[in-house]
Amino acid sequence: MLHVSHLSAGYGKSQVIHDVDLGIEAGEIVCLLGPNGAGKSTVLKAIFKLATVHHGKVTFRDRDISSLHTHELLELGIAYVPQGRINFPSMTVRENLEMGGFLINHRHTLVENMGFVLEHFPALKEKMNEAAASLSGGEGQMLAIARGLMMRPSLLLLDEPSLGLAPKTITEIFHNLRGMVEQGMTILMVEQNVHLALEIASRGYLMAGGKIVFDGPAKELKNPEKMRALYLGK
Amino acid sequence: MDLILQLISNVLIPGLLFALIAAGFSLTYSVTRVLHLANGGVVIVAGYGFYTGYSLWHWPIWSASLLAIAIAILTGLFINAQIHERMREHGIVSAAGMLVATISVLLIIQNILLAIFGSAPKSFADLQGTVHEFGPVIFTDHEIRILVLIPILLIIFILLLKKTKTGKALRAVADHEQVAEVVGIASRKMRMLAFGISSFLAGIAGILFAIEYNLDPSMGIMITVRMIFRAILGGVGSIGGAILGSLSTETIVALTGYYWNVSWVDFSSFLLTFVVLLIRPNGILGKKKRIV
C-alpha cells in the first residue's frame, strides 16, 4: 500500500533520517521501533510532508506521492496523528473533530464521519461541548486520534499513542485501533514501548541513528536477546 | 442620573471605535503572533483614502468609503505579505525583530501621508450631521452611526469566528499552527485572512474616526499606542478583551475628565493599565482567554 524507498529527510538543511526503505501492505499494523532520537517520528513527518524531504520516493497505492502536499495526502486517504496528544485547546471536542474534517466539503459527510469516529471512541461523546484543554490525558489522546480519523483515512500514521498514558487507557486505545484495522484501515505507528507495540503490530522496523537497522515479523522482534543485541548495536 | 448618561455617551463613542481597532489587532496577534503595531497606520491610511475620495475627488460618501476600505485592506495585506511572511521565510521569529519591523512600517506610513497631504488637519464636519438631544445626552448623526454600526460589526465578527468553518479554522491556527497544518488548514492563508479582516475593521474605524475627530498624520502613533494599551488591558488575543479594555479605559478617561482635569486623562488611563497588569499580568480576562 505504502512504499518508501531511499528516503532521506530532516528539518531545513539538517538531515535526520538516511536512506530509509520500508513498505506496508493494506490491513497491516506496522511499527517503527528504536531508541530516542533514532528518527522514527521524522519518518512519519517526512511521509506526511511536515519534514523537509531531501531525497527518496514515496508511493501510495502505486501512485508516486513524493511531490504532494499535506492536504493532498489527506484527500488521498492518509492521516497523521502527532505525538503528545496535541489538540486545539480552546476549542470544544466537537470543534476539534470538525477541524479534523476540515477538507470535507459536504455537511452530511462530516456528520456521518463524526458518527463513525464517535462509535469507536464513545468516551468522547459525553464531552462534545467541553474544551479540549479540560480533557484528561487519555481523552486528549483519543481526541487526537479521533481527529485524525475524521477524514476516514485508509492509512493512519500514528506517533507514539501510548506516551504518558495509564496502562488501562493504552489498552483501550489499542483495542479501538485494532477495531479500525479490522474494518480495513492500515496503520504505521511509532512506538517506544516495544512490548506494547508488538502486541498489536504484525511487523516492525527497528531504527537507530536515522537508519533502519533491522526489520522482521513481530515474533522475531519479541526475542529479547536479539533486541538487546540490536539496541546495543552488536 | 443625567450625569451617568452623559458619561456613558462619552465612553461609548471612543470606546467602540477603539474596540473595533483593538479587536482586529487581537485577531492578528492570536492567528499570526505578530504584534501588528502598524494597525494604527492602516486606520489613518483609510482616513486619508476617504479624504481623497470624498474631499479631493468629490465622490459620494459610499464610494469614498469603499475606496478607503479597499486601500486599508490592500495596505494590511501588503504589510503581511512583504514583511511578516518574508521574515517567517527567513526564520526571523525574534520578538525584537518583528517589533522593529512593525514600528518602522507605522512610521513610514505616517511620513508618506505627511509628505502627500501635509500636516494640517482635515475636517469632515459637514458629515457629522445634525445634533439630536435625548434628554441630557447629545448625539450627532455620525455618532448614532457609530453606535449602531460598530456593535453590529463586532457581533458579526464574533459570530463569524464562532460559527463558520473559516472562523473555526482561524481559531485552530491561533490555537496550534502545526496541528492546523496536520488537518489540512493552510495556515499561511489564514494569516493573510487575519490581516485582511483586521484591516477591514481598521478601515471602517478609520473613516468613522476621521469624521468624528478630524484627521492628521500624527494620529497613527497615537491610535497605535492607545490600541495596544486597551488590548493588553483586556487581555491581548481576545476579542472580548479588546472590547472590555476599550470601554473600561474610556470610562476612566471620562471620569477623570469630569471629576479631575482633562489634562490628566492619559495619565489615569495608562495608570489603569499599569495597575491592572500588576494584579493580572495577562489582562482582565487573564490567561484562559480565547479569541471569542
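How each quantity is defined
Residues numbered from 1 in each chain as written. Chains lettered and ligands numbered in written order. Predicted model: local features only at pLDDT ≥ 70, side-chain atom pairs only at ≥ 80, totals over all residues. Heavy atoms only, no water. Helix = DSSP H or I, 4+ residues; strand = E, 2+ residues; numbered from the N terminus. Rg over C-alpha atoms; globule rule 2.2 N^0.38 Å. Buried < 20%, exposed > 50% of the residue type's maximum accessible area, 1.4 Å probe, protein only. Contact = heavy atoms within 4.5 Å. Areas by Shrake-Rupley, 256 points an atom, 1.4 Å probe, with all protein chains shown as cover. Salt bridge = Lys/Arg side-chain N within 4 Å of Asp/Glu carboxyl O. Buried area = accessible area lost by both parts, 1.4 Å probe. Polar contact = N/O pair within 3.5 Å; in protein donor to acceptor, adjacent residues only side chain to side chain. Pairing = 2+ DSSP bridges. Axes fitted to C-alpha atoms, helices over the stretch in contact; angles between N-to-C directions.

(A) Fine view of the overall build of chain A. The number of helices and strands found in chain A is nine helices and ten strands. Here the C-alpha atoms of chain A give a radius of gyration of 17 Å, agreeing with the 17 Å that 2.2 N^0.38 yields for 234 residues. Seen through its principal axes, chain A has C-alpha atoms that stretch 50 × 40 × 30 Å. For chain A, with 234 residues in total, the buried portion stands at 55%. Expressed as a percentage of contacts within chain A between residues at least 6 apart in sequence, the contacts between residues at least 24 apart total 69%. Roughly 10,100 Å² of accessible area belongs to chain A as shown, and the carbon and sulfur atoms make up 51% of that amount.

(B) Spotlight on the pattern of salt bridges. Summed over all chains, the structure comprises eleven salt bridges over all chains. In this structure, Glu139 of chain A and Lys127 of chain A form a salt bridge, with 3.4 Å as the shortest nitrogen-oxygen distance. Residue Glu139 of chain A is found in helix 5 (residues 137–149), and its partner Lys127 of chain A is found in the loop between helix 4 (107–120) and helix 5; the two are separated by twelve residues along the sequence. Residue Glu139 of chain A is classed as buried on the basis of its relative accessible area, which comes to 17%. Arg191 of chain B is the salt-bridge partner of Glu177 of chain B, the closest N and O atoms lying 3.3 Å from each other. In this pair, Glu177 of chain B is assigned in helix 7 (residues 177–182) and Arg191 of chain B in helix 8 (residues 187–213), connecting sequence segments 14 residues apart. Assessed through its relative accessible area of 6%, Arg191 of chain B is described here as buried. Three or more residues are tied together by salt bridges with common partners; here these are Glu85, Arg88, Glu89, Glu177, Arg188 and Arg191 of chain B.

(C) Region of interest: the interface of chain B and chain A. Of the residues lining the interface, 17 residues belong to chain B; the matching set on chain A comes to 23 residues. Between chain B and chain A, the buried area comes to about 1,700 Å², and carbon and sulfur atoms account for 65% of it. On the surface where chain B and chain A come into contact, there are two salt bridges. Between the two partners, chain B and chain A, sit five residue pairs in polar contact (both at pLDDT 80 or more). Mapped by element, the contributors of at least two residues to the side of chain B that touches chain A are helix 6 (165–175) and helix 7 of chain B. Among the elements that line the side of chain B that touches chain A, the one with the most residues is helix 6 of chain B, at six residues.

(D) Expanded view of the pairing of strand 1 (residues 131–134) of chain B. Residues and elements named next belong to chain B. Across four bridges, strand 1 lies against strand 2 (residues 137–140) in antiparallel orientation. Within the sheet, the bridge partner assigned to Phe134 lies in strand 2 and is Val137. From the end of strand 1 to the start of strand 2, which pair antiparallel, there are two residues, and Gly135 there has a positive phi angle of about 65°.

(E) Up close: the sheet that holds strand 2 (residues 14–24) of chain A. Residue and element names in this part refer to chain A. If you walk across this open sheet you meet the four strands as 2-1-4-5, and the pairing is antiparallel. What marks the edges here is a single partner per strand, and that holds for strand 2 and strand 5 (63–64). Bridge count for strand 1 (residues 2–11) against strand 2 is seven bridges, and the pairing is antiparallel. Pairing of Gly10 across the sheet is with Gln15, part of strand 2. Relative to strand 1, helix 1 (residues 40–47) is tilted by about 110°, and along the sheet it contacts strand 1, strand 2 and strand 4 (52–60).

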